[in-house]
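# Inside the fold
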Amino acid sequence: MTDSPISTQLHHDILVVTSNNPPVNALGLAVRQGLVAAIAEAEANDAVKAVVITCVGQTFFAGADVSEFGTPKAFEQMLPTVVDIIEGCSKPVVSAIHGTALGGGLEVALASHYRVAVPTAKFGVPEVKLGILPGAGGTQRLPRVAGVPLALEMATTGKMISAKEASAAGLIDRIIEGDLLQHAVAFAEEVKDIRPLPISSAKQDKVSSVDPSVFDDFRKANARKFKGFDAPEANIQCIEAATKLPYAEGVNVERTKFMELMSGIQAKAQQYFFFAERKASKIDGIADDVKPRAINKVGVLGAGTMGGGIAMNFLSAGIPVTIVEMAQEALDRGTGVIRKNYEASAAKGRFTTEQVEGAMGLLSPTLDFGALADCDLVIEAVYENMDVKKEIFTKLDATVKQGAILASNTSYLNIDEIAAVTSRPQDVVGLHFFSPANVMKLLEVVRGAKTADDVLVTAMQLAKRIKKVAVVAGVCYGFIGNRMLIPRHREAEKLLLEGATPAQIDKVHVDFGMPMGPFQMGDLAGVDIGWHRDPTRIETLRDALCAIDRWGQKKGAGFYDYDDKRRPTPSPVVQQIIEDFSAKKGIERREISDEEIVQRTLYTMVNEGAKILEEGMAQRASDIDVVWIYGYGWPVYRGGPMFWADTEGLQKIVDGLKAQEARMGSDFSFSQLLLDKAAKGEKFTR
Ligand code: CAA
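Residues numbered from 1 in each chain as written. Predicted model: local features only at pLDDT ≥ 70, side-chain atom pairs only at ≥ 80, totals over all residues. Heavy atoms only, no water.

## Topic: the site of the ligand
- In the region of the ligand, 26 residues are neighbours, and A62, A64, V66, G104 and R278 sit closest.
- Here an oxygen atom of the ligand sits 3.0 Å away from a polar atom, N or O, in the side chain of E127.
- Within the backbone of G135, a nitrogen or oxygen atom sits 2.9 Å from an oxygen atom of the ligand.
- Of all the secondary structure elements, the ones that give two or more residues to the shell around the ligand are β5 (100–102), α3 (104–111) and α12 (265–279).
- Per-element accounting of the shell around the ligand gives the leading share, three residues, to α12.
- When the residues that make up the shell around the ligand are grouped by side-chain class, the tally is 15 nonpolar, six polar and five charged. (Near = heavy atom within 4 Å. Polar contact = N/O pair within 3.5 Å; in protein donor to acceptor, adjacent residues only side chain to side chain. Helix = DSSP H or I, 4+ residues; strand = E, 2+ residues; numbered from the N terminus. Nonpolar A, V, L, I, M, F, W, Y, C, P; charged D, E, K, R; others polar.)

Here's what the structure looks like:
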């Protein structure tokens, strides 16, 4: 096979089997076939005394080829058989690992008789993130080699471990300093005559006398994290089987559970999301050769919660930040919060003291607006007011060097209007971070009418550098994420007046898998956001709550009452306000079904998402899903609002909305795209 990604070469008496399947050496069919052929070659050639499996490019095998899932190729020369053939080789097989040995890649390594790795190598079984489990013997071999506690943690979280941790757990036999291949061949020379061969599937010492309570304890300790997901439990059951059953029977359990998960909707949703996330960084209509601008120094305007959080992203990535405030007190407070956040992370072991000091050393706090002059990118993070933003951008235009990118962190306002006050609208872009900005992965990159292509390309690349997932949004009120919140909140508040309670509506959302419902979210963010600040002007429920100081968690009272540990209980005061409001507006209260809540809050979001798509405010339906999963905690096992709508069936969504249309009144209008797709039996995402 001349065009096989697998090649072999004899180094004296060691057969080096090399995979060259960019970008990540995924174990597609040709790779699997090549590996089997290589082992057969080793068996057939008496001159071969041992085998080294290695990969070229950025990484060792990063797992099964996810794009093959569900296609006929996935059923040919399947990986479980391939790894059994490797393990069954009569000559020692050594996996030589660099980059990331993930999923099926780690299973190849586990089936090898020995594993050696460079110090920077990482190991993991991320299948759980794809809604599945390591289905090529991984759930059976990993606990046998690395022990049950580590196997449980790795398999249920997808977390990667370092070469040092892997070595301590017995997962690798040697850490290689220097040239990997050269040392791996030397290692193979050392072990070539040792018999019997160490066979992972035959190892029993780490699985034979495990206290069965380990599994229930693990389930209990992680119940919150695993809530709603099918795959973590299936992984646990397989590892449990490894401790109770002979290897061959354990593998049968693994196979059954793998097939169950693979045919379920969660795996489809999570695998869809894997590609959705990667697709989000691609901007339609921009030539591949557009070069990004260099960003070596960033300015942040405003040292409040948002500005400070934004600054931390760049500091953590080693990019110097100048942060500007209007008053010394605010500047000191902001800088203090940044330091406190870093120290809290260091206390949890996420940073070393040197890293904290390194990051803080890159921060230049100042009251001097002129200090922004030589920044390559300036992000404005002051409060939401168009006049204030216009004033700031006029000043930025006069101060900051030509060629710099001028960005606003606005979450709603019109970027084009902001850009229009500058002499360089092509350099203006929206960079909408989500709070807390140093934690949340999502970044909405708002493309103005005049934003230059290289500015967008720079923003997308920079997002990667600061470990964010960026999605391009068009200019519209609330962009993608917040715009979809608008109908949800509007209908949720109307439902309160019609007879539902905050707790009932929130429960529907939490049961659906959201981290919190609309009223819990309102209390957390602040009921007073956007309030007109006139306690005598009471036009909405929110006005009524704000007027009596019920601004949310920060005041100990909002839609709920809070105790000193911020635990919520339903509020009789709020209930009375709601009922009074209903009476005043002449609304007859009735029993509200959970189904109606779903239709009026979640289906309306889908309808808004469809409008965003048809107006071209999102490039693709999957981008909307990425926004909602990373920005608002939409359960990834439901794939995001648009994928979920497809799963429900678009006609069902339309029917549900039609059933509620009269109640929603003139606030609601159908997306033509949704109606058309439903009528044609089409989907948004597949
Ligand atoms: N299958 C197919 N394509 C893959 C892939 C996989 N397992 N892993 C990565 N790719 C593709 C990506 O889609 C991307 O393609 P485009 O350039 O066309 O967008 C490209 O490889 C590069 O990927 P990243 O952008 O993610 O690159 P990175 O350098 O940031 O990260 C990585 C590299 C850590 C390997 C990361 O890609 C990753 O985590 N991949 C997934 C690993 C995984 O989930 N493996 C388990 C697979 S399931 C399995 O193995 C089941 C089993 O038991 C048999």
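## Here we look at the pairing of strand β4 (residues 93–97)
- Along β4, five of the five residues are buried, which leaves the element largely enclosed by surrounding structure.
- Burial of the side chains of β4 extends over both faces: V93, S95 and I97 are buried on one face and V94 and A96 on the other.
- With helix α2 (residues 79–88) bridging strand β3 (residues 50–55) and the parallel β4, this β-α-β connection has right-handed handedness.
- The pairing of β4 with strand β6 (residues 114–117) spans four bridges and is classified as parallel. In the strand pairing of β6, A96 is matched with V116. (Buried < 20%, exposed > 50% of the residue type's maximum accessible area, 1.4 Å probe, protein only. Right-handed = clockwise from strand over helix to strand, strands pointing away. Pairing = 2+ DSSP bridges.)

## Here we look at helix α16 (residues 386–399)
- With 14 residues, α16 should reach 20 Å at 1.5 Å per residue; the first-to-last C-alpha distance of 20 Å fits that figure.
- Every buried residue belonging to α16 is among M386, K389, I392, F393, L396 and D397, and all of these are buried. Take α16 and look down its axis: the buried residues cluster within an arc of 140°, on one side only. Counted as exposed and oriented over 90 degrees from the buried face of α16: D387, E391 and A398.
- Measuring from the side-chain oxygen of the N-cap residue of α16 to the backbone nitrogen of D387 gives 2.8 Å; that N-cap residue is N385. (Expected span 1.5 Å × (residues − 1). Arc of directions from axis to C-beta.)

## Points about the domain arrangement of the protein
- According to the domain assignment, the protein consists of domain 1 (6–263), domain 2 (298–476) and domain 3 (500–584).
- For domain 1 versus domain 2, the separation of C-alpha centres amounts to 42 Å. (Domains from an automatic or database assignment.)

## Considering the pairing of strand β16 (residues 442–446)
- Of all five residues in β16, five are buried; the element is thus mostly enclosed.
- Taking every second residue as pointing to the same face, both faces of β16 are buried, with L442, E444 and V446 on one and L443 and V445 on the other.
- Taken together, the four bridges between strand β15 (residues 428–433) and β16 define a ladder with antiparallel strand orientation. The partner of L431 across the bridge, within β16, is V445.

## Looking at helix α18 (residues 453–465)
- Taking 1.5 Å per residue, 13 residues should reach 18 Å; α18 reaches 19 Å between its end C-alpha atoms and fits that length.
- Taken as a whole, α18 has its buried residues at V455, L456, V457, T458, A459, M460, L462 and A463.
- Trailing α18 by a residue or two, K467 shows a phi angle of about 60°, which is positive.

## Side note on the environment of P198
- Following the sequence through the fold, P198 ends up in the loop between α7 (180–191) and α8 (213–221).
- The partly exposed category is assigned to P198, whose relative accessible area is 33%.
- Sequence separation between P198 and A111 is 87 residues, and the spatial gap between their C-alpha atoms is 9.7 Å.
- Discounting chain neighbours no more than four positions away, the residues touching P198 are H113 and Y114. (Contact = heavy atoms within 4.5 Å.)

## Section: unusual backbone geometry
- Cis geometry marks the peptide bond from P22 to P23, where omega comes out at 0°.
- Residue placement: P23 occurs in the loop between β2 (14–19) and α1 (29–44).
- A positive phi angle, close to 55°, is found at N25, a residue other than glycine.
- Within the secondary structure layout, N25 lies in the loop between β2 and α1.
- If you check the backbone angles, F479 has positive phi at about 55° while not being a glycine.
- Among the structural elements, F479 can be located in the loop between β17 (469–473) and α19 (481–498).

## Topic: the sheet that holds strand β11 (residues 321–324)
- Strands sit in the order β12-β11-β10-β13-β14-β15-β16-β17 across an open sheet of eight strands; the sheet is mixed. In this open sheet, the two strands that pair with only one neighbour each are β12 (363–366) and β17. Each strand of the sheet is rotated relative to its neighbour by a mean of 25°, with strand direction disregarded.
- In terms of strand pairing, strand β10 (residues 298–301) meets strand β13 (residues 377–380) through four bridges, oriented parallel. Paired with V300 across the two strands is I379, which belongs to β13. (Axes fitted to C-alpha atoms, helices over the stretch in contact; angles between N-to-C directions.)

## Things to note about the sheet that holds strand β1 (residues 6–11)
- Reading across the sheet, the six strands line up as β1-β2-β3-β4-β6-β9 and stay open at both edges, with mixed pairing between neighbours. At either margin of the open sheet sits one strand with a lone partner, and together these are β1 and β9 (174–175).
- Pairing between β3 and β4: three bridges, direction parallel. Across the sheet, the residue bridging to V51 is V93, located in β4.

## Re the packing of helix α5 (residues 148–157) against α8
- Their axes nearest at 11 Å, the elements α5 and α8 cross at an angle of 35°. Relative to α8, the crossing made by α5 is right-handed. In this structure, α5 uses V148, L152, E153 and T156 to contact α8, whose residues at the interface are V214, F215 and F218.
- Here the residues of the contact of α5 with α8 are counted per class, giving five nonpolar, one polar and one charged. (Left-handed = near helix turned anticlockwise from the far one by under 90°.)

## Thoughts on empty space enclosed by the protein
- For the coordinates displayed, the defined rule picks out one cavity of 30 Å³ or more.
- Estimates place the volume of the largest cavity at around 50 Å³.
- Lining the largest cavity, in full, are I295, L377, I405, V429, L431, V455, T458, A459 and L462.
- Among the elements of the structure, β15 and α18 are those that each provide at least two residues to the lining of the largest cavity.
- Ranked by the residues each element gives to the lining of the largest cavity, the list is headed by α18, at four residues.
- When its residues are assigned to classes, the lining of the largest cavity shows eight nonpolar, one polar and no charged. (1 Å grid on protein atoms, 1.4 Å probe; cavity = no way out; pocket = protein on both sides within 12 Å on 5 of 7 lines; lining within 4 Å. Points joined across faces, edges and corners; volume = space filled by probe spheres on them.)

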